[in-house]
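Each chain is listed here by its residues.
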There are 2 protein chains.
Amino acid sequence: MAEFMDVHHNMKGLSEADLKAAHEADLAIQAEENVQFKQAWADPDSGTVFCLSEAPSAEAVQRIHERAGHLADEIHAVPLVV
Amino acid sequence: MAEFMDVHHNMKGLSEADLKAAHEADLAIQAEENVQFKQAWADPDSGTVFCLSEAPSAEAVQRIHERAGHLADEIHAVPLVV
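Here the structure is a predicted model, which is why all the values come from computation and not from measurement.

What follows deals with helix α1 (residues 16-29) of chain B. Since one α-helical turn is 3.6 residues long, residues separated by three or four positions face the same way. End to end, α1(B) covers 21 Å across 14 residues, agreeing with the expected 20 Å (1.5 Å per residue, within 8%). Taken residue by residue, α1(B) has Leu19(B), His23(B), Asp26(B) and Ile29(B) as its buried positions. All buried residues of α1(B) fall inside an arc of 140° around its axis, so they share one side. For α1(B), exposure combined with an orientation more than 90 degrees from the buried face picks out Ala17(B), Lys20(B) and Ala28(B). Looking at the packing, one finds that the buried side of α1(B) touches β5 (80-81) of chain A together with β2 (36-43), β3 (48-55) and α2 (58-67) of chain B.

This is how it looks when you write it as structure tokens:
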């Protein structure tokens, strides 16, 4: 398992309810890929969302996001954390 | 106070020691701008660093990063968190 930070662009105007619904959609199916979404942060002005997860691979993270209806634009393995 | 996620690009090959040194340089002076850097994650392959902070403004975050020698490329206020 590794830690990943993924980024979604073009989410301008995202509301708190939108973010919560998207996150819940991920959580509902994440176990099927052995992914654990830990936290998500959103900047509705620039339309940027950051999701932190633990997962076996970037592909596993993307499969969950894709099935939940919101493909990530970038997925970064983040092996260094301070 | 608000929460911010800032992003640094072009940091390919960053080591754990580099990340720790950069973070320590921020921590050493952050109180002067009432900023609290909470965590940082790095992807040395793509050269991307994400820093999470609490601060009075994006400008305060940037002033600390600039004085510590590593200007952020993006600073996002992230008022939405799940």
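The next subject is the relation of the copies chain B and chain A. Each of the two chain copies can be generated from the other by rotation about an axis followed by a shift along it. Mapping chain B onto chain A calls for a rotation angle of 180° and an axial translation of 0.0 Å; the resulting RMSD is 0.0 Å. What we have between these two chains is a two-fold relation. Closest approach to the rotation axis within chain B is made by the C-alpha atom of Phe50(B), at a distance of 4.7 Å. The overlap is high: 100% of the interface residues of chain B also sit at the interface in chain A, so the same surface is used on both sides.

For the rest of this paragraph, the subject is the interface of chain B and chain A. The interface is formed by 26 residues belonging to chain B together with 26 residues belonging to chain A. In this assembly, chain B packs against chain A so that about 2200 Å² is buried in total across both faces, 72% of it on carbon and sulfur atoms. Per-residue buried area on chain B facing chain A is highest for Trp41(B), Leu80(B) and Val82(B); these three make up 35% of the total on that side. Across the chain B-chain A interface, the total number found is zero salt bridges. For the pair chain B and chain A, the interface holds eight residue pairs in polar contact (both at pLDDT 80 or more). At the level of elements, β1 (2-8), α1, β2, β3, β4 (74-77) and β5 (80-81) of chain B are the ones that each hand at least two residues to the side of chain B that touches chain A. Per-element tally for the side of chain B that touches chain A: the top contributor is β2(B), with five residues. Counted by class, the side of chain B that touches chain A contains 16 nonpolar, six polar and four charged residues. Bridging between strand β2 (residues 36-43) of chain A and β5(B) involves two bridges; their strand directions are antiparallel. Residue pairing in the sheet places Trp41(A) in a bridge with Val81(B) of β5(B).

Scanning the entire structure with this criterion turns up eight salt bridges over all chains. When the shortest N-O distance is used, the salt bridge between Lys38(B) and Glu3(B) registers 3.1 Å. Taken as a pair, Lys38(B) in strand β2 and Glu3(B) in strand β1 lie far apart in primary sequence, 35 residues in all. We classify Glu3(B) as buried; its relative accessible area is 17%. Salt-bridge contacts for Glu54(B) lead to Lys38(B); the nearest nitrogen and oxygen are separated by 3.3 Å. With Glu54(B) in strand β3 and Lys38(B) in strand β2, the pair connects residues that are 16 residues apart, well separated along the chain. Residues joined by salt bridges that share partners form a network here, namely Glu3(A), Lys38(A) and Glu54(A).

The rules behind the values
Residues numbered from 1 in each chain as written. Chains lettered and ligands numbered in written order. Predicted model: local features only at pLDDT ≥ 70, side-chain atom pairs only at ≥ 80, totals over all residues. Heavy atoms only, no water. Helix = DSSP H or I, 4+ residues; strand = E, 2+ residues; numbered from the N terminus. Expected span 1.5 Å × (residues − 1). Buried < 20%, exposed > 50% of the residue type's maximum accessible area, 1.4 Å probe, protein only. Arc of directions from axis to C-beta. Contact = heavy atoms within 4.5 Å. Least-squares fit on C-alpha atoms with pLDDT ≥ 70 in both. Buried area = accessible area lost by both parts, 1.4 Å probe. Salt bridge = Lys/Arg side-chain N within 4 Å of Asp/Glu carboxyl O. Polar contact = N/O pair within 3.5 Å; in protein donor to acceptor, adjacent residues only side chain to side chain. Nonpolar A, V, L, I, M, F, W, Y, C, P; charged D, E, K, R; others polar. Pairing = 2+ DSSP bridges.

So, to be careful, I would describe these as geometric facts and stop short of saying anything about function.
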